[in-house]
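One-letter residues, chain by chain:
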Amino acid sequence: MLSACCRKSPIHPRHLYVLGPKSRAGIPAFCVGDSTLKSAPVWSRVRKLTTVQLLFFFGDKCYLMILYPAIDLKDGECVRLKLGEMSEATVYNRDPAAQAKAFEEQGFEWLHVVDLNGAFAGASVNGAAVEAILKATRNPVQLGGGIRSLEQIEAWLERGLARVILGTVAVRDPALVREACGKFPGKIAVGIDARGGKVAVEGWAETSDLTAAELAKRFEGAGVAAIIYTDIDRDGVLTGINWEATIALAEAVSIPIIASGGLASMADIERMVKPDAAKLEGAISGRALYDGRIDPKEALAMLRKARA
Ligand code: AMZ
């Protein structure tokens, strides 16, 4: 039964689930646990899937407003940069796994992770920290930074990532992104990071001639799960999300868009639930969460209320 379920669905064994009349025992019919369930059900490690996670695992697309807490990794630590400058790093937690667990305990349903050293080096650098994060949280995790080949994509998905984020390679080799989408449906996100309207790559050290919309349109119909659109000029400086540009991008393509860069306060969360933002899949929050400018409970309650 379990293996049949896994074959039908793009679920990694780490997110093994059970279907059955367990609700009598207080355990819902759809559950998610980890691979310890393979040998023996360990009910304490089983939990109900949230609506968002059910839609990710079983739905075609979900346009629910998801607040993605962010862990950016530099030298094995959780940091926030200002405008993408490595010299402007604030260390928020020396233990990324503990941070991942804390975000899950606060009620978040996803986790956004960036390997900053990896984005500059062009290959994963903080792999050990990412693996520790994957062990520490049962939430689906998306990872970007230095993932530039099919082999690396496959290796990361096998380790239990829900999605990989491709940035530089989406500019340099869009055919690879399309191939990856075909091989790993629902698991490929594209990171489009724009400075002054033009897409930046290689840790944002280089700027291309492409606008965000031009790049996004190249992936229409390719099966990209989401585009994470970052306004670099706002990243890490708490000036508020660039809603205008993000919504314009969402209107230009049919791929779900996740807003990133500058999320500052509850005003941005309130903005997320306005009707014209309904096209977006969600937004990423870093510094505002770490600085306590956003109360996770209040923010998540507002988003859940809007979904209902
Ligand atoms: O802050 C930076 N300088 C930075 C950053 N956060 N540079 C790249 N990145 C992130 C992108 C995307 O998620 O937002 O790294 C990822 C892309 O990496 P790559 O190696 O595919 O270009």
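Here the structure is shown first, and the text comes after it.
Anyway, here's the lowdown on the structure attached to this text. (Residues numbered from 1 in each chain as written. Predicted model: local features only at pLDDT ≥ 70, side-chain atom pairs only at ≥ 80, totals over all residues.)

**Regarding the site of the ligand**
What counts here: Here, nearness is defined through the C-beta atom: a residue counts as near a molecule or strand if that backbone-placed atom lies within 6 Å of it. Where helices and strands are cited, they refer to DSSP runs of H or I of at least four residues and of E of at least two residues respectively, numbered from the N terminus. Gly is placed with the polar residues, together with every amino acid not listed as nonpolar (Ala, Val, Leu, Ile, Met, Phe, Trp, Tyr, Cys and Pro) or charged (Asp, Glu, Lys and Arg).
Looking at the ligand, there are 20 residues lining it, with Gly 84, Gly 144, Gly 167, Thr 168 and Gly 191 nearest. Listed by contribution, the elements that provide at least two residues to the shell around the ligand are helix 5 (116-121), strand 8 (163-166), helix 8 (168-172) and strand 9 (188-195). Residues of the shell around the ligand, tallied by class, amount to 10 nonpolar, 9 polar and 1 charged.

**A few points about the environment of Thr 239**
Defined as follows: Exposure classification rests on a simple neighbour count of other C-beta atoms within 10 Å of a residue's own: a residue reaching 20 or more is buried, one at 12 or fewer is exposed, and one in between is partly exposed. C-beta atoms are placed from the backbone. The contact criterion used here is simple: two residues whose C-beta atoms, placed from the backbone, lie within 7 Å are in contact.
Note that Thr 239 resides in the loop between strand 12 (226-231) and helix 11 (243-252). Owing to 14 C-beta atoms within 10 Å, Thr 239 belongs among the partly exposed residues under this scheme. Along the backbone, Thr 239 and Gly 262 are 23 residues apart, and their C-alpha atoms lie at a distance of 5.2 Å. Residues in contact with Thr 239, not counting those within four places in the same chain, are Arg 234, Gly 262 and Ala 264.

**Quick look at the nonpolar core**
Formally: Any nonpolar core is a set of buried residues, restricted to Ala, Val, Leu, Ile, Met, Phe, Trp, Tyr and Cys, that join up through C-beta atoms within 7 Å.
Counting 82 residues, the largest nonpolar core has Val 164, Val 224, Ile 227 and Ile 258 as its most contacted members. If one sorts the elements of this core by residue count, strand 3 (residues 66-74) sits on top with 6 residues. Beyond its immediate chain neighbours, meaning those up to four positions away, Ile 227 contacts Ala 189, Val 190, Ile 192, Ala 216, Ile 255 and Ile 257.

**Thoughts on the packing of helix 4 (residues 96-105) against helix 6 (residues 127-136)**
The test is simple: Here an axis means a line fitted to C-alpha atoms, over the contact stretch when the element is a helix, while the angle between two N-to-C directions is reported on a 0 to 180 degree scale. For a crossing to be left-handed, the near helix must be turned anticlockwise from the far one by less than a right angle; the clockwise case is right-handed.
In the contact formed by helix 4 and helix 6, the axes pass within 8 Å of each other and the chain directions differ by 35°. By crossing handedness, the relation of helix 4 to helix 6 is classed as right-handed. Residue-level contacts link Pro 96, Ala 97, Ala 100 and Lys 101 of helix 4 to Ala 129, Ala 132, Ile 133, Lys 135 and Ala 136 of helix 6.

Taken by themselves, the reported measurements are silent on function.
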